[in-house]
Amino acid sequence: MSREIELKILDARLGAEFPLPDYATALSAGMDLRALCDTAITLAPGEAQLLPTGMAIHIGDAELCAVILPRSGLGHKQGLVLGNLVGLIDADYQGPLMVSLWNRGQNPQTIQPGDRIAQLVFLPVVRARFRQVQDFEHSARGAGGFGHTGVR
Ligand SMILES: O=c1ccn([C@H]2C[C@H](O)[C@@H](COP(=O)(O)OP(=O)(O)OP(=O)(O)O)O2)c(=O)[nH]1
Ligand SMILES: [Mg+2]
């Protein structure tokens, strides 16, 4: 499924000096977000900073949202993941798209302006309303959880 989403450029370097986010291959699910910081930023081990992406999006559809996810290479090799683990972008959010970048590793990590630091994935949303009941109809799992089916 392909959709058009409104995008506002907040930093003139985006779309000029640095390309706009796009899918790297025909079947990529995520498009990389760049750090539109003014200068290089070094994150000490354990440090998190909120970095601008230089853009805003307005999804404007209750049945869609976006999530910001770590890039696997950065997360696994450099320890650069997200301070909020996953970023959720609501369909009515119109502010600057920000990435909370967290150095969960043991070494300082430096990010240059324009570096691709995370990825944006659009997802369908089901909005639920609750209907209160006294009892649930029996299910095979019942209340079992938290590993009750074992490991092997
Ligand atoms: O990594 C992120 C996460 C969120 N947001 C923006 C979009 C999102 O719609 C808004 C609010 O996010 P969320 O609801 O997760 O945060 P909150 O702490 O509940 O804030 P609020 O009270 O504004 O909803 O912040 C980002 O730009 N980057
Ligand atoms: Mg919220």
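Naming follows an unreviewed UniProt entry, where the protein appears as Deoxyuridine 5'-triphosphate nucleotidohydrolase of Arenimonas oryziterrae DSM 21050 = YC6267. Per its UniProt entry, the protein bears the Cofactor (unreviewed entry) comment "Mg(2+)". Turning to the protein, the UniProt record has this under Pathway (unreviewed entry): "Pyrimidine metabolism; dUMP biosynthesis; dUMP from dCTP (dUTP route): step 2/2."

**Regarding the site of ligand 1**
Taken together, Ile68, Asn84, Gly87, Leu88, Ile89, Asp90, Tyr93, Pro96, Leu97 and Met98 make up the full set of residues near ligand 1. Between ligand 1 and Asn84, the relevant distance is 3.0 Å, taken from an oxygen atom to a side-chain nitrogen or oxygen of the residue. Asp90 is positioned with one of its side-chain polar atoms (N or O) 2.6 Å from an oxygen atom of ligand 1. Contact with the protein chains hides 49% of the accessible area of ligand 1, taken as 570 Å² for the molecule alone. Of all the elements in the fold, those that place two or more residues in the shell around ligand 1 are strand 7 (87-89) and strand 8 (96-103). For the shell around ligand 1, the class distribution of residues is seven nonpolar, two polar and one charged.

**Notes on the layout of surface pockets**
In this model, the largest pocket occupies a volume close to 450 Å³. Lining the largest pocket are 18 residues, and of these Arg3, Ile5, Tyr23, Met31 and Phe122 lie nearest its centre. Counting only elements with at least two residues in the lining of the largest pocket, the list comes to strand 1 (6-9), strand 4 (48-58) and strand 10 (116-124). Among the elements that take part in the lining of the largest pocket, strand 10 stands out by supplying five residues, more than any other. Of the residues assigned to the lining of the largest pocket, the class counts are 15 nonpolar, one polar and two charged.

**Digging into the sheet that holds strand 8**
Spatially, four strands are ordered 1-4-8-6 in an open sheet, and the strand pairing comes out antiparallel. Bordering the open sheet on either side are strand 1 and strand 6 (80-82), each of which pairs with just one other strand. Recorded for the sheet is a direction-independent mean angle of 45 degrees between the axes of neighbouring strands. Note that strand 1 and strand 4 share four bridges and pair antiparallel. Directly across from Lys8, in strand 4, lies its bridge partner Ala56.

**Focus: the pattern of salt bridges**
Overall, the coordinates contain five salt bridges when judged by the stated rule. Residue Arg116 pairs with Asp32 through a salt bridge whose shortest N-O separation is 2.7 Å. Of this pair, Arg116 sits in strand 10 while Asp32 sits in strand 2 (residues 31-34); the two residues are 84 residues apart in sequence, bridging distant segments of the chain. Among the residues examined, Asp32 registers a relative accessible area of 15% and is labelled buried. The network of salt bridges with common partners includes Asp11, Arg13 and Asp38.

The rules we used
Residues numbered from 1 in each chain as written. Chains lettered and ligands numbered in written order. Predicted model: local features only at pLDDT ≥ 70, side-chain atom pairs only at ≥ 80, totals over all residues. Heavy atoms only, no water. UniProt positions renumbered as here; feature names shortened; annotations may be inferred. Near = heavy atom within 4 Å. Polar contact = N/O pair within 3.5 Å; in protein donor to acceptor, adjacent residues only side chain to side chain. Areas by Shrake-Rupley, 256 points an atom, 1.4 Å probe, with all protein chains shown as cover. Helix = DSSP H or I, 4+ residues; strand = E, 2+ residues; numbered from the N terminus. Nonpolar A, V, L, I, M, F, W, Y, C, P; charged D, E, K, R; others polar. 1 Å grid on protein atoms, 1.4 Å probe; cavity = no way out; pocket = protein on both sides within 12 Å on 5 of 7 lines; lining within 4 Å. Points joined across faces, edges and corners; volume = space filled by probe spheres on them. Pairing = 2+ DSSP bridges. Axes fitted to C-alpha atoms, helices over the stretch in contact; angles between N-to-C directions. Salt bridge = Lys/Arg side-chain N within 4 Å of Asp/Glu carboxyl O. Buried < 20%, exposed > 50% of the residue type's maximum accessible area, 1.4 Å probe, protein only.

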